[in-house]
Each structure stands twice: as C-alpha cells, then as structure tokens.
Amino acid sequence: MLEEVERWLADRSWSAADRPLDQLLDLKRAAGTTVSVVLPALDEEATVGAIVEVIRRELIEGLPVPLVDELVVVDSGSADRTAEVAAKAGARVVHRDEILPRIPALPGKGEVLWRSLLATTGDIVCFVDADLRDFSASFVSGIVGPLLTDPGVQFVKAMYDRPLGDAPGQGGRVTELVARPLLNLHWPQLAGFVQPLGGEYAVRRSLLERLPFPVGYGVELGLLVDALHTVGLDALAQVDVGVRLHRHQGGQALGRMAAAIYRTAQVRLSRGHLVRPELTQFERGPDGFVPRTYAVDTEERPPMLGVKEYGRRHVA
C-alpha cells in the first residue's frame, strides 16, 4: 500500500460514533447547509418503507433542526408497490421517467442517480440503496457528518461488514473479485476504500454536478475514480456504519455487474473508441447449456452541470 494511502486511512477513516447527532445539527444550522437523501428503488416494497420511516423518525421529525431536508425515492419502474409503500412511509416519490423527460431514460441504477440531481436541491446529496434490512439512521448521519464538520471533505463512502447468509464478511463478491483488484492495479490511491462499490455515500452537490454518471452498475466505481481525479484523495473519506444487510443477487447477475464495472474501468483507462461489449452466460436447458447474451452497460450521462434544464433551475 502506498504511504499516501496509509496516511489517508489514518486521517480520513472514521466511525459514525465520532460525530454525535447534536453536534451535526448545530453545525448544519450555523452553516445553513441542506441535505437531500435519495433512495433509488426498483421492486423494493419489502424494505423501502422501513428505511423511509427510520430516516423520518430519527433524522427529520422532532429535532431542533432536521438533519435531512429532502427524502426522495426515485422509482425506476417497479412492478410492485414500491412507490405506494414509500409514499405512505413519508417519502416524496418521483418516477425516473418524470425527471428530464426530454431525454429518454435508460435502464440502470446510475441513470436514476444522475436524474435525481434534478429532483433534489440539497447542498449535500446522500444516496442509500433501498434493499437494506435492519436499517440504521447512522448510515445517513455517519456519512453526512464529515461533510458538515470538515470543509475539505467532498465525497464520503460508508464502510461496513457484509455478511453472506450466516458467513460474516463474505458479501461483496464483485468488490473482492473485480473492483478491488482493478483499483489496486490502476488507481492505487483508492486501495484504502473498504467498500468501493457500496451504495451508501454522501457527496457535495458542487462535485456531483461536475461528474459523468455511468448509467448502470459501474456508477459507484466511475464516480469514485472520477472524484479522485477531480478533487484529489484528501477530499475523499469513509465512515464505519456497522453491518449492512441486504438482498444478495445470484451468480449470473453478479457476472453482469462485474462486466459493467470492468467496462467502466476500461473506459477510464483508455477514453478511446471501444467496441460495444456483450457478455454471454450459460443456463442449463432441457437439451443442454443454452447461451444467453446480454449487452454490457456502456452509456454514461454527462455532468449535470451541462444539462440546460439543470442550469435554468439554478438561474431561477
């Protein structure tokens, strides 16, 4: 590990308990900073309501000043009751296709996160995955905290244990098999991040609006790498929020995720013309193995700062 990274780990890795909530509220009120929380959601009726309820109960209602000013669920086309459950729990629900309708939406998590910048106004934007179980408000307060207490910090990732069933520390298979090797080999300054692909992170809007967004699973790696090149390692940080419990995907879905992440890294390494890739996987059928070919997410959305609708809103 680089000496620079060892120093960074000592200086920019914290625990959620290091910044009590009352301290954060005082600083937020004094600075007039606003915070938006965004939950990208697709068929998450089983978990999204509980997450919204915890954030409302512990970070919005009954406080001298709310830590969270906006709580938005962006539904990307759920076939279940995700939108209804989220709204009943107290979130503002926006459908992905209602945001920036001039540009047809593409499937993918990164697409939803990119569009959410137009659906929110907070100075700090905090992303939280909607499939978390046993959710704790420290997932939000922990990663927002450094942005309220240190003006030099611009991008904060959550770190946590990720059990796989009863096996502790075995979650995050794509992280260990794909993302961590890529980062260590090509961006060794980012080798200190415990959960580089984690879906919980808080970022200053002034940085997010300058970054391109891969539309699919590569969004977390893409944003982290581009943030490093844009603001430098010392502006990045991570906070330990405990344990993350969520729904795990099957091996083939993980394969598609891995391909998208590899492609995102490849684009950033070359920035040149690349053939649109595909990934072929195999399923056993009645007559043997059947190939299934999927397009790998390659599209990226430009920095939001260059989108005319976003610019008009800020002028207004």
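Quick summary incoming for the structure in this document. Quick caveat: nothing in here was measured; it's all calculated off a predicted structure. (Residues numbered from 1 in each chain as written. Predicted model: local features only at pLDDT ≥ 70, side-chain atom pairs only at ≥ 80, totals over all residues. Heavy atoms only, no water.)

**Section: helix H9 (residues 219–231)**
Here H9 is 13 residues long and its end C-alpha atoms lie 18 Å apart, about the 18 Å a rise of 1.5 Å per residue gives. Counting buried positions over the 13 residues of H9 gives ten, a clear majority of the element. Those residues of H9 that sit buried are Val-219, Glu-220, Leu-221, Gly-222, Leu-223, Leu-224, Val-225, Asp-226, Ala-227 and Leu-228. (Helix = DSSP H or I, 4+ residues; strand = E, 2+ residues; numbered from the N terminus. Expected span 1.5 Å × (residues − 1). Buried < 20%, exposed > 50% of the residue type's maximum accessible area, 1.4 Å probe, protein only.)

**Section: the sheet that holds strand S10 (residues 236–243)**
Taken together, the eight strands give an open sheet; going across it, the order is S1-S10-S7-S8-S5-S2-S3-S4, and neighbouring strands pair in mixed fashion. One side of each edge strand has no neighbouring strand; the edge strands of this open sheet are strand S1 (13–15) and strand S4 (92–95). On average, each strand axis in the sheet is tilted by 25° relative to the strand beside it, whichever way the strands run. Direction of pairing for strand S3 (residues 70–75) relative to S4: parallel, over a ladder of four bridges. Note that in S4 the partner of Val-72 across the bridge is Arg-92. Here helix H6 (residues 138–149) sits on the sheet and contacts S1, strand S2 (35–41), strand S5 (124–127), strand S7 (155–161), strand S8 (201–204) and S10; the angle it forms with S7, its principal contact strand, is near 145°. (Pairing = 2+ DSSP bridges. Axes fitted to C-alpha atoms, helices over the stretch in contact; angles between N-to-C directions. Contact = heavy atoms within 4.5 Å.)

**With respect to the environment of Gly-232**
Within the secondary structure, Gly-232 sits in the loop between H9 and S10. You can call Gly-232 partly exposed: its relative accessible area is 22%. Spatially, the C-alpha atoms of Gly-232 and Ala-119 are 28 Å apart, while their sequence positions differ by 113 residues.

No statement about biological role is implied by the geometric values presented.
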